[in-house]
Each structure stands twice: as C-alpha cells, then as structure tokens.
Amino acid sequence: MSELPDTTALTSINAHRSIDLHDSVDHHALNASWGDCRWQPHPQLVDAPAGGWRDWLTARGSLTRKLSQAAQQSITVQVLSQGVGQVSRAEARWLQQSHGRVSVRHVMLCVNGEPWVFARSLLPLSQPHPLYRAWQGLGRQALGHVLFNLPGVTRGALYHCRPAQLPITSLWGRASCFSYHDAPLLVCEHFLPAMAWHLGLPHPLNANTECRPSNRRLTI
Ligand SMILES: C=C(O[C@@H]1C=C(C(=O)O)C=C[C@H]1O)C(=O)O
C-alpha cells in the first residue's frame with residue numbers, strides 16, 4: 001500500500017492568529033514535549049479526581065457536546081496546527097506506529113473565546129486511513145461531529161493523566177483510541193483552568209483553592 005500524501009510539515013493552519021494563553025505557547029515546544037505526559041488506566045486514578053471531575057474524566061460520549069451542554073453555549077474550535085508531526089514513544093506504541101508518519105491536530109475548544117480544553121489528536125499515515133479525507137477537511141468543525149455521527153466508530157478504554165504535564169497550565173487529561181474499520185485515531189484532551197472556574201470544579205491539587213483562570217485569552 002502506498003503512503004498517503006500529506007504535504008504539510010506541521011503546517012500552522014492559522015498562522016495569522018496569535019495565541020495569548022495563561023502561559024505563552026511555543027507550538028513546536030508543545031509538540032515536542034508531549035512525551036512527558038504519562039497516561040494511566042482509569043483504575044490507577046480511581047480515587048484521585050474529586051467532585052465533578054470524575055464525570056468529565058469517564059464520560060464516553062462527545063466531549064464537545066457535553067461541554068456545550070454544560071456551558072449552555074456553542075463551542076468553537078480554534079485550530080492551532082494540523083499536519084505531520086512528532087509523536088511520543090508512548091503514543092506511537094498506542095497507535096502501533098513505531099516507524100510510521102502521523103498527522104497531528106492541536107486545537108483549543110473554546111467558550112466565549114476562552115480555551116476550556118486543549119486537544120491533541122493523532123491519525124496514522126503509514127497506510128490509507130478511512131478517516132483521512134474527513135480529517136483533512138475538518139477545519140474548525142469538531143472532530144467529535146465526525147466520530148460520533150459515523151456508524152462503526154468504536155472507542156477504546158479511557159486513560160487519564162494528572163495535572164501539570166503540559167507546557168501550558170493543564171488540569172486533568174483524558175485520552176482514548178477510536179477505531180474505524182480497524183484504523184486507529186488517538187484523541188487526548190486536557191481540561192484547562194477556565195473550564196474548572198466556570199463550572200465550579202474543584203482545584204485538582206487542592207480542593208480549597210479556586211481554579212481562577214488568568215484573564216488572558218486566546219486572541220484571533
Ligand atoms: C473527540 C471529540 O472532538 C473534540 C474536538 C476535537 C477537534 O476538533 O480536534 C478534538 C478533541 C475533542 O475534544 C469530542 O467531541 O468528543
């Protein structure tokens with residue numbers, strides 16, 4: 001089977017947009033440092049997430065839809081980048097792609113312009129992927145709209161990571177592998193302080209501390 005063409009090398013789709021988050025984000029650093037994220041199966045964290053966090057970490061439906069219901073507003077997808085990118089060893093193992101190329105999509109799921117969730121999704125390119133065309137055409141449409149409206153897509157077990165494992169301020173993270181006609185697609189989602197603040201979720205490290213986000217925003 002021939003490799004699918006993907007001419008972009010970590011192309012920033014929104015190069016003209018500036019990101020002004022709680023921390024300044026060097027996107028390439030963000031991509032390269034992803035390997036530091038330690039995913040654990042749910043039972044290992046079973047007692048850790050307090051209060052409403054458990055529900056957010058274990059819900060298996062569309063996160064975009066759940067966020068939109070909780071915020072009572074529509075969610076906007078800000079695409080940070082999409083194109084061939086680096087994957088960590090753990091991610092490569094997860095996708096069984098130790099030598100293959102992978103297309104990496106980084107987005108912020110935003111409410112009122114504030115980033116609530118950072119998501120990193122990976123689609124292997126080492127052989128033709130049945131979701132490749134839809135993936136390439138996503139733009140600002142949420143990946144969840146494709147994944148949860150396509151019969152035959154299945155979702156594997158959810159894994160979690162503890163807060164503060166990204167170069168931006170992140171709270172709990174969750175990840176799982178979707179499968180369509182045996183082709184995998186890995187979706188990793190990290191909850192951000194603005195979401196916790198607006199939804200009244202407890203600070204993951206100190207239940208008595210509020211998750212007040214910085215007043216800096218994603219600017220477009
Ligand atoms: C997977 C979903 O799609 C969301 C949208 C994403 C995107 O557009 O890149 C990525 C991760 C998700 O949080 C979902 O809604 O559950």
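Residues numbered from 1 in each chain as written. Predicted model: local features only at pLDDT ≥ 70, side-chain atom pairs only at ≥ 80, totals over all residues. Heavy atoms only, no water.

**Quick notes on the packing of aromatic side chains**
One pass over the full model with this rule turns up five aromatic pairs. Judged by centre distance (6.1 Å) and plane angle (70°), the ring pair of Trp56 and Phe191 falls under edge-to-face. In this pair, Trp56 sits in helix α2 (residues 53–58) while Phe191 sits in strand β8 (residues 183–191), placing the two residues 135 residues apart along the sequence. Residue classification places Trp56 among the buried positions, given a relative accessible area of 7%. Ring geometry for Phe148 against Phe178: centres 5.8 Å apart, planes inclined by 90°, an arrangement best described as edge-to-face. In this pair, Phe148 sits in the loop between α6 (143–147) and β5 (154–155) while Phe178 sits in strand β7 (residues 173–180), placing the two residues 30 residues apart along the sequence. According to the relative accessible area criterion, Phe148 is partly exposed, its value standing at 29%. The exposure class of Phe178 is buried, given its relative accessible area of 5%. (Phe/Tyr/Trp six-rings, centres within 6.5 Å; stacked < 30°, edge-to-face > 60°. Helix = DSSP H or I, 4+ residues; strand = E, 2+ residues; numbered from the N terminus. Buried < 20%, exposed > 50% of the residue type's maximum accessible area, 1.4 Å probe, protein only.)

**Here we look at the UniProt feature "binding site: substrate" (unreviewed entry) in the protein chain**
UniProt records the feature "binding site: substrate" (unreviewed entry) for Arg105, Leu143 and Glu189 in the present numbering. With the annotated positions falling across 85 residues, the maximum pairwise C-alpha distance of 12.0 Å places them together in a single cluster. Of the annotated positions named here, the largest cavity is lined by Arg105, Leu143 and Glu189. Looking at where Arg105 falls in the secondary structure, it is placed in strand β3 (residues 102–111). Its relative accessible area of 3% is what places Arg105 among the buried residues. In this structure the side chain of Arg105 is engaged in a polar contact, spanning 3.0 Å, whose partner is the backbone oxygen of Gly139. (UniProt positions renumbered as here; feature names shortened; annotations may be inferred. 1 Å grid on protein atoms, 1.4 Å probe; cavity = no way out; pocket = protein on both sides within 12 Å on 5 of 7 lines; lining within 4 Å. Polar contact = N/O pair within 3.5 Å; in protein donor to acceptor, adjacent residues only side chain to side chain.)

**Looking at the environment of Ala142**
Secondary-structure assignment places Ala142 in the loop between α5 (132–136) and α6. Setting aside anything within four residues of it in sequence, one finds Ala142 in contact with Thr64 and Val77. (Contact = heavy atoms within 4.5 Å.)

**A short note on the site of the ligand**
Neighbouring the ligand are 16 residues; Leu63, Thr64, Arg105, Leu143 and Glu189 lie closest to it. Between the ligand and Gly144, the relevant distance is 2.9 Å, taken from an oxygen atom to a main-chain nitrogen or oxygen of the residue. The cavity where the ligand resides is the largest cavity. For the shell around the ligand, the elements supplying multiple residues, two or more each, are α3 (63–71), β3, β4 (114–124), α6 and β8. Counting residues per element, the shell around the ligand draws most heavily on β3, which supplies three residues. Residues belonging to the shell around the ligand are distributed by class as follows: nine nonpolar, five polar and two charged. (Near = heavy atom within 4 Å. Sits in = over half its atoms within 2 Å of the grid points. Nonpolar A, V, L, I, M, F, W, Y, C, P; charged D, E, K, R; others polar.)

**Describing the side chain of Arg155**
Tracing the backbone shows Arg155 in strand β5. Put simply, Arg155 is tucked away with no salt bridge, and the nearest opposite charge, on Glu189, sits 4.1 Å away. Engagement of the side chain of Arg155 in a polar contact is seen with the backbone oxygen of Gly61, the distance being 3.3 Å. Each residue touching Arg155, except ones within four places of it in the same chain, is listed here: Ala59, Arg60, Gly61, Phe148, Arg174, Ser176, Cys177, Phe178 and Glu189. (Lys, Arg positive; Asp, Glu negative; His and termini not counted. Salt bridge = Lys/Arg side-chain N within 4 Å of Asp/Glu carboxyl O.)

**Side note on empty space enclosed by the protein**
Gaps between atoms show up when a probe of the same size as a water molecule is rolled over them. Counted according to the given criterion, the structure contains two cavities of 30 Å³ or more. One number sums up the size of the largest cavity: a volume of about 210 Å³. In this structure, the largest cavity is lined by 20 residues; those nearest its centre are Thr64, Leu143, Gly144, Val187 and Glu189. Among the secondary structure elements, those contributing two or more residues to the lining of the largest cavity are α3, β3, β4, α6, β7 and β8. In the lining of the largest cavity, the residues fall into 11 nonpolar, five polar and four charged. (Points joined across faces, edges and corners; volume = space filled by probe spheres on them.)

**So, the pattern of salt bridges**
Throughout the structure, instances matching the rule amount to three salt bridges. Its salt-bridge partner being Asp55, residue Lys66 comes within 2.8 Å of it at the nearest N-O pair. Within this pair, whereas Lys66 is found in helix α3, its partner Asp55 is found in helix α2, the two being separated by 11 residues in sequence. The exposure class assigned to Asp55 is partly exposed, which follows from its relative accessible area of 42%. Glu189 is the salt-bridge partner of Arg174, the closest N and O atoms lying 2.8 Å from each other. Here Arg174 is found in strand β7, whereas its partner Glu189 is found in strand β8, with 15 residues between them in sequence. An identical accessibility class is assigned to Arg174 and Glu189; each is buried.

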